[in-house]
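In case you want the letters, here they are:
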Amino acid sequence: MLNPDGAEVYQRRNALGIDINRDALRLQSPEGRTLKRLRDSLDAKFGFNLHDQSTYYNAELTSKPATISYLATAFNYEKDINEVRSNAMKVIVYMNNIIQKYAPGQVGRYSDDFEPRAFGDNIAKWGTSLILIESGGYANDVEKQEIRKLNYVSILSALYTIAKESYKSIPEADYEKIPKNDRKLFDLKIKNITYELLGKDYILDLGINRREVDDENHESFYYRSMIADQGDLSTFYGYETFDATGYKIVPPKVYPKKMDTNTRALWNDKNSPFKSGYGYFKTNFLPPLGYTEMPGHFVPDSYKLPDFRLRPGVNPTFFLEKDGKLTHAVINGFLIDLSKPIEKQQFGNALIYR
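The text that follows walks through the structure, step by step, so that each part is easy to find. (Residues numbered from 1 in each chain as written. Predicted model: local features only at pLDDT ≥ 70, side-chain atom pairs only at ≥ 80, totals over all residues. Heavy atoms only, no water.)

## Brief notes about the pairing of strand 17 (residues 325-331)
In the case of a regular strand, side chains alternate between the two sheet surfaces.
Point 1. Across the seven residues of strand 17, five count as buried, placing the element largely inside the fold.
Point 2. Inspection of the sheet shows strand 16 (residues 318-322) paired to strand 17 by five bridges, in the antiparallel sense. Residue pairing across strands places lysine 322 opposite lysine 325, the latter belonging to strand 17.
Point 3. Here strand 17 pairs with strand 18 (residues 334-337) via four bridges, running antiparallel. (Buried < 20%, exposed > 50% of the residue type's maximum accessible area, 1.4 Å probe, protein only. Helix = DSSP H or I, 4+ residues; strand = E, 2+ residues; numbered from the N terminus. Pairing = 2+ DSSP bridges.)

## Comments concerning the pairing of strand 9 (residues 221-231)
Point 1. Here strand 8 (residues 200-214) runs beside strand 9; their pairing, made up of ten bridges, is antiparallel. Across the sheet, isoleucine 208 pairs through a bridge with isoleucine 227, a residue of strand 9.
Point 2. Counted along the chain from strand 8 to the antiparallel partner strand 9, the turn is six residues long, and its residue histidine 218 has a positive phi close to 55°.

## Points about the sheet that holds strand 4 (residues 107-109)
Point 1. One open sheet accounts for four strands, arranged 1-5-3-4; its pairing is mixed. Unpaired on one side and paired on the other, strand 1 (46-52) and strand 4 mark the two borders of the sheet. Along the sheet, successive strands turn relative to each other by an average axial angle of 25°, direction set aside.
Point 2. Where strand 3 (residues 68-72) and strand 5 (residues 129-135) come together, five bridges link them in antiparallel fashion. From the neighbouring strand, alanine 72 faces strand 5, where its bridge partner is isoleucine 131. (Axes fitted to C-alpha atoms, helices over the stretch in contact; angles between N-to-C directions.)

## Focus: the side chain of serine 135
Point 1. Secondary-structure assignment places serine 135 in strand 5.
Point 2. Side-chain polar atoms of serine 135 contact the side chain of asparagine 151, separated by 2.9 Å.
Point 3. Beyond its immediate chain neighbours, meaning those up to four positions away, serine 135 contacts His51, Asp52, Gln53, Thr67, Ile68, Lys144, Ile147 and Asn151. (Polar contact = N/O pair within 3.5 Å; in protein donor to acceptor, adjacent residues only side chain to side chain. Contact = heavy atoms within 4.5 Å.)

## Here we look at the pattern of salt bridges
Proximity of charged atoms lets side chains of opposite charge pair with each other.
Point 1. Under the defined criterion, the tally for this structure stands at 17 salt bridges.
Point 2. A salt bridge links lysine 248 to glutamate 196; the nearest nitrogen and oxygen atoms lie 3.1 Å apart. One end of the pair, lysine 248, is in strand 11 (residues 248-250); the other, glutamate 196, is in strand 7 (residues 185-197), and 52 residues separate them in sequence.
Point 3. When its relative accessible area of 27% is taken as the criterion, lysine 248 is described as partly exposed.
Point 4. Aspartate 301 is the salt-bridge partner of lysine 282, the closest N and O atoms lying 3.9 Å from each other. Placement of the pair is lysine 282 in strand 13 (residues 278-283) and aspartate 301 in the loop between strand 15 (297-299) and strand 16, with a sequence separation of 19 residues.
Point 5. Owing to a relative accessible area of 14%, lysine 282 belongs among the buried residues under this scheme. (Salt bridge = Lys/Arg side-chain N within 4 Å of Asp/Glu carboxyl O.)

## Regarding the packing of helix 3 (residues 83-99) against helix 5 (residues 145-164)
Point 1. Closest axis-to-axis distance for the helix 3/helix 5 pair is 9 Å, and the angle between their directions is 130°. Judged by the angle between their axes, helix 3 and helix 5 are oblique. The interaxial crossing formed by helix 3 with helix 5 has right-handed handedness. Of the residues in helix 5, those in contact with Val91, Tyr94, Met95, Ile98 and Ile99 of helix 3 are Leu150, Val153, Ser154, Ser157, Ala158, Tyr160, Thr161 and Ile162.
Point 2. Split by residue class, the contact of helix 3 with helix 5 holds ten nonpolar, three polar and no charged. (Parallel < 35°, antiparallel > 145°, perpendicular 65-115°, else oblique. Left-handed = near helix turned anticlockwise from the far one by under 90°. Nonpolar A, V, L, I, M, F, W, Y, C, P; charged D, E, K, R; others polar.)

Listed below in C-alpha cells is the structure:
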C-alpha cells in the first residue's frame with residue numbers, strides 16, 4: 001500500500017495532491033522516496049507492481065474482460081528488450097499459462113508505452129525485472145474477491161518459476177501472444193433498439209456504464225449511471241448484453257401522486273405505477289442520501305421532467321415496449337424485467353433528485 005492517504009478517500013493522488021506514480025524522477029513525495037530507498041536497499045532481481053485498472057478493459061477482439069493484465073515494463077522510448085526486461089516477459093508467460101486455468105481468456109497485455117516519470121518503468125531501468133499486474137473487472141465481483149484470488153495465484157506461480165529458474169527456458173516470443181488490452185466493454189449493452197426522434201424511427205445500440213460515487217464518509221458507494229456511447233456499437237461488448245430487436249424505447253413519466261411508501265411490494269404489484277411506465281416518483285419524504293434502493297427515482301413535488309432525448313452523458317432511464325406492451329425498464333442503467341420480481345434481479349439503486 002503505497003498511497004494510504006489516497007486509499008482512505010478513494011483517490012489516486014496523495015495528500016500532497018500529486019500522482020505518486022509520476023514522481024520517480026523528482027521524488028518529492030515521502031511515499032516515492034520510501035519506495036526508491038526500499039528498491040535500492042534490496043536491489044531485487046524481480047519486482048511486482050500491483051495496480052487496479054478500469055473494469056472496461058477487455059482482452060483484444062473478445063467480449064471477455066481483462067480481469068488480469070500483465071506488463072513487462074519498458075525502460076526507454078524505443079521499448080528495447082534487454083535481459084532484465086526479457087526475464088520479466090518470460091515469467092509473465094508462465095503466470096499467464098497458470099491463470100488461463102482459472103480465468104480462461106480473461107488476461108490482457110497492458111500497453112508498454114514508456115512513461116519516463118513512472119516508478120514501474122524506472123524500476124526496470126534501475127535493473128529490476130518489473131512485472132506489472134493490473135486488476136480489472138470480473139462479472140458480479142464488485143468487491144474483487146475473485147480477482148484477489150487471481151492475484152494470489154499469479155504471484156505464487158511467479159515465485160515458483162523464479163525459484164525453480166524454469167522461466168529461463170520459456171520463449172520470449174510467447175509474451176507477444178498474450179492479447180493486448182482493449183477498452184470496449186460496457187456494464188450494459190443494449191443492441192438494436194428502436195428509438196423515435198422527430199417522428200422517425202432509428203435503430204441504435206446503447207453502451208451504458210455505472211459510475212460508482214463514493215459517499216461522504218468514504219464507507220460505501222452508489223451508482224450514478226450514464227450513456228457512454230450510442231450508435232453502431234457492434235465492435236463493443238457488455239458485461240450484460242440485451243438484444244432489443246423489435247423493442248421500442250418509451251420515455252419515462254413522473255407519477256402525479258405523492259408516494260406514501262417505498263416498499264418493494266409496490267414495485268412488484270401487478271398494478272404498480274412502475275409497471276405502467278412511471279420512472280420518477282414524488283414523495284412526502286426525500287431520504288438524506290443521494291440514492292434509493294427502490295427501482296425508481298425519487299423527486300420533490302416541484303420536479304419537472306426534462307424533454308426526453310438519448311445522448312451520451314445522460315442518465316439512462318426509460319422503458320422498453322414490444323408489441324404494444326411494456327416489458328422492461330432501464331432505471332439508472334439497470335435493466336429490469338417487468339415480468340419478474342424485483343428482488344430476484346440485479347439492481348443497484350435509483351437516484352434522489354432534490
